[in-house]
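# Coordinate inspection notes
Residue strings, one per chain:
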Amino acid sequence: MNSMATDPTIRDAADADVAAITAIFNQAIPDGTAEWTERLHTDDERAAWMRARLAAQRPVLVAESDGAVVGVASYGDFRDSTLREGFRFVCEHSVYVDREARRRGIAHALMDELEARARSNGLHQMIATIDAENHASIRFHQRRGFVEVGRMPNIGFSFDQWRTMVLLQLDLAATP
Ligand SMILES: CC(C)(COP(=O)(O)OP(=O)(O)OC[C@H]1O[C@@H](n2cnc3c(N)ncnc32)[C@H](O)[C@@H]1OP(=O)(O)O)[C@@H](O)C(=O)NCCC(=O)NCCS
């Protein structure tokens, strides 16, 4: 058993990671449940996303195992906190792990660091918006203390299906 695989390094993403990050997000697109797009994204689009996150002082973290990037996690605004500053203490995150590296605690390691960053940046609530059929992600977030606070039936349409969004919330101020 590879000891690094169970103990990834979590670090801030660098420009050199963009291709690996794009590949990890794109890998989940055909599943239909994660990104609600039918189109693979380009490295340029992902680089622009990363630049915007970093410019807004938002973390983009990667998990590295045996020299390879195997996961990514980041958060951004839940709703526009520049125009509506009442939302400035809440964020919405995403966490993605390479299919070959799942069930080894990599998402937990990424989220441990992402939640710590959110707390140290003064945020109070963290929101996960998850397709109702994405049972792995719902289970994962519940295990971390996220609580379902809402369901929006048939709000998305992707791969010829109406899709329901589940909102789960973590009270960062009330959890360690
Ligand atoms: C959800 C996801 C990030 C979990 O990553 P991971 O590295 O496999 O998760 P970890 O190993 O850290 O945590 C595993 C825990 O999550 C839950 N979990 C993960 N995959 C699961 C599955 N297929 N079925 C049920 N529970 C699952 C379990 O509670 C599990 O704990 P256990 O192994 O003790 O049973 C990963 O499946 C993924 O990248 N999915 C595609 C992208 C996605 O949907 N991202 C979330 C969008 S909001």
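Shown above is the structure to which this text applies.
The structure contained in this document is the topic of the report that follows. (Residues numbered from 1 in each chain as written. Predicted model: local features only at pLDDT ≥ 70, side-chain atom pairs only at ≥ 80, totals over all residues. Heavy atoms only, no water.)

### Some details on the site of the ligand
- Taken together, 18 residues lie around the ligand, and V95, V97, R103, G105 and N134 are the ones closest in.
- One of the backbone nitrogen or oxygen atoms of G105 is found 2.8 Å away from an oxygen atom of the ligand.
- For the ligand, whose unbound accessible area comes to 920 Å², protein coverage reaches 81%.
- Cavity membership is defined here by more than half of the atoms lying within 2 Å of grid points; on that basis the ligand lies in the largest pocket.
- Put simply, the parts of the chain that give the shell around the ligand at least two residues each are strand 4 (90-97), helix 3 (106-120) and helix 4 (135-143).
- Per element, the largest residue contribution to the shell around the ligand is five residues, and it comes from helix 4.
- Of the residues in the shell around the ligand, the class split is nine nonpolar, four polar and five charged. (Near = heavy atom within 4 Å. Polar contact = N/O pair within 3.5 Å; in protein donor to acceptor, adjacent residues only side chain to side chain. Areas by Shrake-Rupley, 256 points an atom, 1.4 Å probe, with all protein chains shown as cover. 1 Å grid on protein atoms, 1.4 Å probe; cavity = no way out; pocket = protein on both sides within 12 Å on 5 of 7 lines; lining within 4 Å. Sits in = over half its atoms within 2 Å of the grid points. Helix = DSSP H or I, 4+ residues; strand = E, 2+ residues; numbered from the N terminus. Nonpolar A, V, L, I, M, F, W, Y, C, P; charged D, E, K, R; others polar.)

### Some details on the sheet that holds strand 1 (residues 9-12)
- What the seven strands build is an open sheet, ordered 1-2-3-4-5-7-6; its pairing is mixed. Across the chains shown, the open sheet's two edge strands, defined by having one partner strand only, are strand 1 and strand 6 (147-158). Strand after strand, the sheet turns through a mean of 25° between neighbouring axes, direction not considered.
- Where strand 2 (residues 60-65) meets strand 3 (residues 68-77), six bridges bridge the pair, whose relative direction is antiparallel. Paired with V60 across the strands is S74, a residue of strand 3.
- Against the sheet, helix 4 touches strand 4, strand 5 (125-131) and strand 7 (161-171), its axis set at about 160° to strand 5. (Pairing = 2+ DSSP bridges. Axes fitted to C-alpha atoms, helices over the stretch in contact; angles between N-to-C directions. Contact = heavy atoms within 4.5 Å.)

### Things to note about the pairing of strand 6
- Inspection of the sheet shows strand 6 paired to strand 7 by eight bridges, in the antiparallel sense. Looking at strand 7, one finds that V147 is bridged to Q169.
- In this antiparallel pair of consecutive strands, strand 6 and strand 7, the connection spans two residues, and F159 shows a positive phi of 50°.

### Comments concerning helix 2 (residues 43-55)
- With 13 residues, helix 2 ought to run about 18 Å at 1.5 Å a step, and its terminal C-alpha atoms sit 18 Å apart, in line with that.
- Among all positions in helix 2, only R46, A47, W49, M50 and R53 are buried. Down the axis of helix 2, the sector holding all buried residues measures 160°, keeping them to one side. For helix 2, exposure combined with an orientation more than 90 degrees from the buried face picks out D44, R51 and A55.
- Buried residues along helix 2 sit in contact with helix 1 (18-28), strand 2 and strand 3.
- Positive phi shows up at Q57, right after helix 2, with a value of about 60°. (Expected span 1.5 Å × (residues − 1). Buried < 20%, exposed > 50% of the residue type's maximum accessible area, 1.4 Å probe, protein only. Arc of directions from axis to C-beta.)

### Some points on the pattern of salt bridges
- All told, the structure shown has 12 salt bridges when counted by the stated rule.
- Here D112 and R144 are joined by a salt bridge, their closest N and O atoms 2.7 Å apart. With D112 in helix 3 and R144 in the loop between helix 4 and strand 6, this pair connects stretches of sequence that are 32 residues apart.
- On the accessibility criterion, D112 (49% relative accessible area) is partly exposed.
- We classify R144 as buried; its relative accessible area is 17%.
- Notably, a salt bridge pairs E115 with R144, separated by 3.0 Å at the nearest N-O pair. Here E115, found in helix 3, pairs with R144, found in the loop between helix 4 and strand 6; they are 29 residues apart in sequence, far enough to count as distant. (Salt bridge = Lys/Arg side-chain N within 4 Å of Asp/Glu carboxyl O.)

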